[in-house]
Amino acid sequence: MPRLRQTDTPYFDALRHYVDSGTQSFHTPGHKQGVGMHKRLRDFIGDNVLSIDLTQIRGLDDLNQPEGPILEAMRLAAQAYGADDSYFLVNGSTAGNQAMLMTALRPGDKVLLPRNSHKSATSALIMSATRPVYMAPEVDHDLHIDHCVTPQTVEASLAEHPDAVAVFITSPTYYGSTADLAAIERIVHARDKILLIDEAWGPHLHFHPELPPSATSIGADACVNSTHKLLSGMSQASMLHAIGDRVDRGRLRSTLRIFQSTSPQLVLLASLDVCRMQMATEGKTLLTRALALARDARRRLNALPGIYCMGPDQIGRPGIAGYDETRLVITVKDLGYTGYEAERILRMRYNVQVELADLFNVVALLTIGDTEASVAKLVDAVGELAREDRPIDIYAPTGVLDRRLKRGTYRIPPIPELVVTPREAFLSDYVEVPFKKSAGRVCVEVVTPYPPGIPILCPGERITQETIEYLRLELKAGVHIQGPVDERLGTIRVLP
Ligand SMILES: Cc1ncc(COP(=O)(O)O)c(C=O)c1O
């Protein structure tokens, strides 16, 4: 193969080459490059995208066994991210987390992971038949925000569980704080354990010196990036990077085959290829602009009465070794709104949609796709929200909320006792009991208020009265609970 440069886009070029060749297609997808698609959708999305919605025929390589342009594109990605090997994912970082954990662990192995791990990690525990040891992340109780785990927590957990095989870390969090990855790397590798990083929220970190260090730069054994979350990859397009030899590549490739379709969406792969080229060639410039916009927005938001927008001022607090300044966590607690109400008002009245709402905050993402005009809309809308003097119950889907709930501090219950492994509980027979009377029983479901997607109960854990009260409060505040069959938690499934 001729040596490729970061300005090249081998996979996108291969797709275009097929289109230009005018080859008559007798393969999937059935819409045949748009011809068979109804006008209603075809006219809207356009023929170009449909012309490269192809399948893995000659010249277009095979994601599950890449030898041609997909392999070339993945090698360029590895080079751009400073990894030894990179893998393109078409099922998001969800598939990446599942593949990393399934590759590193054997049934019965212990893995250390933060309690605020994404549910894809929980599902990996179920599938891999492993035993989780949860590490408590640092929590800001006033803002009701979880941050990262500290190196001290990792060290103490490893001392308590020297038989753990791997350490899984989430950094950045949904709220933009990053862990002290360099210190964690030293601790984990000094004991020759495997370090896996869920860097779903950090696909951009590697490309700007004023952003916190990336997982590849500190020498993690493997990490995942949701390229689609904060860069220009299309939804579901993510990457997995691997460094060194602690993660068995053959096994990783086999595991990825379990989690990825045999008919990947090739447009997504093209978007990964072009996104990597974009970041390698102009990433620093684009991110410099995004950072400037974010810094200006943060300054203006913090000047509004009743609004707080956390930022680098928080660095140094436990669990915040660094901060991604492109994240705008807007705390509305002092306005007397919940984040859910603020989200609804911002959307319904000012036509601004944020990424996430929780009890006290809304989170807006600023990316390389923002402009001064888009940021002005957000800041102006929050400014209007801060001036709102109309009664809030007309916006709140669940009616007026308890003032205590909206202004008070809020404690996430301690991590419950693990009685049986997540897999044993998840696959076991169950009985359904009233949730409010379930204290003492062993849960077989995942119970995750979403967003941000942090499980409060996992399969195999003993339900406590504190957990019940906490979840009932979340429900009262209008939080959507994901995981249990009865999402309103009238009942819960437990071991018989
Ligand atoms: C921390 C974290 N990890 C992993 C994921 C899953 O990523 P994806 O949506 O790319 O599958 C998410 C999704 O929100 C996440 O927040």
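Okay, so let's go over this structure.

Scanning the protein chain from terminus to terminus reveals 16 helices and 19 strands. When its C-alpha atoms are laid out on the principal axes, the protein chain stretches across 65 × 55 × 45 Å. Looking at the protein chain as a whole, 58% of its 496 residues qualify as buried. Surface exposure of the protein chain reaches about 20700 Å², of which carbon and sulfur atoms provide 51%. Averaging the coordinates of the 53 positive side-chain charges in the protein chain and doing the same for the 59 negative ones gives two points 3 Å apart.

As a further point, take the packing of aromatic side chains. Geometrically, a pair of aromatic rings is defined through the distance of the ring centres and the angle of the planes. Scanning all chains against the criterion turns up two aromatic pairs. Arranged with centres 4.9 Å apart and planes meeting at 80°, the rings of Tyr81 and Phe207 form a pair that is edge-to-face. Remark: Phe207 occurs in the loop between β8 (194-198) and β9 (222-225) and Tyr81 occurs in helix α4 (residues 69-81); sequence separation between them is 126 residues. Relative accessible area serves as the criterion here: at 10%, Phe207 is assigned to the buried category. The aromatic ring of Tyr134 is capped on one face by Arg115, whose charged end is 4.6 Å from the ring centroid. Over the ring of Phe360 we find Lys333, and its NZ or CZ is 4.7 Å from the ring centre.

Our next topic: a nonpolar patch on the surface. On the surface, a cluster of nonpolar side chains totalling about 330 Å² of accessible area is made up of Leu41, Phe44 and Ile45. By the secondary structure assignment, Ile45 is in helix α2 (residues 39-45).

Further remarks concern the environment of Thr28. Inspection of the secondary structure puts Thr28 in the loop between α1 (10-21) and α2. Non-local contacts of Thr28, meaning those with residues more than four positions away in its chain, are made with Leu54 and Thr55. Within the local environment of Thr28, its side chain forms a polar contact with the side chain of Thr55, the two groups lying 3.4 Å apart.

Moving on: the site of the ligand. Around the ligand, the surrounding shell holds 13 residues, and the nearest of these are Ser93, Thr94, Asp198, Ser226 and His228. Lys229 places a polar side-chain atom, nitrogen or oxygen, 2.9 Å from an oxygen atom of the ligand. Looking at the shell around the ligand element by element, the count peaks at four residues for helix α5 (residues 92-104). The residue makeup of the shell around the ligand, split by class, is two nonpolar, nine polar and two charged.

This part covers the nonpolar core. Counting 34 residues, the largest nonpolar core has Tyr11, Leu15, Leu60, Phe88, Leu266, Leu269 and Met279 as the members making the most contacts within it. The greatest single-element share of this core, amounting to eleven residues, is contributed by helix α11 (residues 266-302). Beyond its immediate chain neighbours, meaning those up to four positions away, Leu269 contacts Tyr11, Leu63, Ile70, Phe88 and Val90. Within the second largest apolar cluster, 32 residues are counted, among which are Leu328, Tyr337, Val379 and Val479.

Between α5 and helix α10 (residues 249-259), whose axes approach to 9 Å, the crossing angle comes to 135°. Considered as vectors, α5 and α10 are oriented oblique to each other. For the pair α5 and α10, the crossing hand works out as right-handed. Residues Ala95, Gln98, Ala99, Met102 and Thr103 of α5 form the contact with α10, whose participating residues are Arg251, Leu252, Thr255, Leu256 and Phe259. Here the residues of the contact of α5 with α10 are counted per class, giving six nonpolar, three polar and one charged.

Pairs may arise between side chains of opposite charge once their charged atoms sit close together. Under the criterion given, the structure shown has 18 salt bridges. Arg191 is paired through a salt bridge with Glu155; the nearest N and O atoms lie 3.4 Å apart. Residue Arg191 is located in the loop between α8 (181-190) and β8, and its partner Glu155 is located in helix α7 (residues 151-160); the two are separated by 36 residues in the primary sequence. Residue classification places Arg191 among the partly exposed residues on the basis of a relative accessible area of 34%. The class for Glu155 is partly exposed, based on a relative accessible area of 36%. Between Arg327 and Asp324 there is a salt bridge whose closest N-O contact spans 3.0 Å. The exposure classification of Arg327 matches that of Asp324, with both residues buried.

A few words on the side chain of Arg115. Here Arg115 lies in the loop between β2 (110-114) and α6 (119-128). Only 3.0 Å separates the side chain of Arg115 from the backbone oxygen of Ile456, close enough to count as a polar contact. Dropping the residues within four chain positions of it, Arg115 is found in contact with Tyr134, Met135, Pro137, Ile415, Pro416, Ile454, Pro455, Ile456, Leu457, Cys458 and Glu461.

Within α8, seven of the ten residues are buried, leaving the element largely enclosed by the surrounding structure. Taken as a whole, α8 has its buried residues at Leu181, Ala183, Ile184, Glu185, Ile187, Val188 and His189. Among the structural elements, α7, β6 (166-170) and β8 are those in contact with the buried residues of α8. One or two positions beyond α8, positive phi appears at Asp192, with a value near 60°.

With that out of the way, let us pick up α11. With 37 residues, α11 should reach 54 Å at 1.5 Å per residue; the first-to-last C-alpha distance of 43 Å falls well below that figure. Its side-chain oxygen 3.0 Å from the backbone nitrogen of Val267, Gln265 forms the N-cap of α11.

What follows concerns unusual backbone geometry. Along the chain, Thr28 connects to Pro29 via a cis peptide bond; the corresponding omega equals -5°. At the junction of Ser171 and Pro172, the peptide bond is cis and its omega measures out at 0° in the coordinates. Here Pro172 lies in the loop between β6 and β7 (177-178). One non-glycine residue, Ala129, lies in the positive phi region at around 60°. Note that Ala129 resides in the loop between α6 and β3 (131-135). A positive phi angle, near 85°, is found at Gln236, a position not held by glycine. You can see Gln236 is positioned in the loop between α9 (227-230) and β10 (238-242).

Rules of the game
- Residues numbered from 1 in each chain as written.
- Predicted model: local features only at pLDDT ≥ 70, side-chain atom pairs only at ≥ 80, totals over all residues.
- Heavy atoms only, no water.
- Helix = DSSP H or I, 4+ residues; strand = E, 2+ residues; numbered from the N terminus.
- Buried < 20%, exposed > 50% of the residue type's maximum accessible area, 1.4 Å probe, protein only.
- Areas by Shrake-Rupley, 256 points an atom, 1.4 Å probe, with all protein chains shown as cover.
- Lys, Arg positive; Asp, Glu negative; His and termini not counted.
- Charge placed at Lys NZ, Arg CZ, Asp CG, Glu CD.
- Phe/Tyr/Trp six-rings, centres within 6.5 Å; stacked < 30°, edge-to-face > 60°.
- Lys NZ or Arg CZ within 6 Å of the ring centre and 35° of its normal.
- Patch = residues over 30% accessible without salt bridge, like charges linked within 9 Å, V, L, I, M, F, W, Y side chains within 5 Å.
- Salt bridge = Lys/Arg side-chain N within 4 Å of Asp/Glu carboxyl O.
- Contact = heavy atoms within 4.5 Å.
- Polar contact = N/O pair within 3.5 Å; in protein donor to acceptor, adjacent residues only side chain to side chain.
- Near = heavy atom within 4 Å.
- Nonpolar A, V, L, I, M, F, W, Y, C, P; charged D, E, K, R; others polar.
- Core = buried A, V, L, I, M, F, W, Y, C linked by side-chain atoms within 4.5 Å.
- Axes fitted to C-alpha atoms, helices over the stretch in contact; angles between N-to-C directions.
- Parallel < 35°, antiparallel > 145°, perpendicular 65-115°, else oblique.
- Left-handed = near helix turned anticlockwise from the far one by under 90°.
- Expected span 1.5 Å × (residues − 1).

These figures come from the coordinates and say nothing about function on their own.
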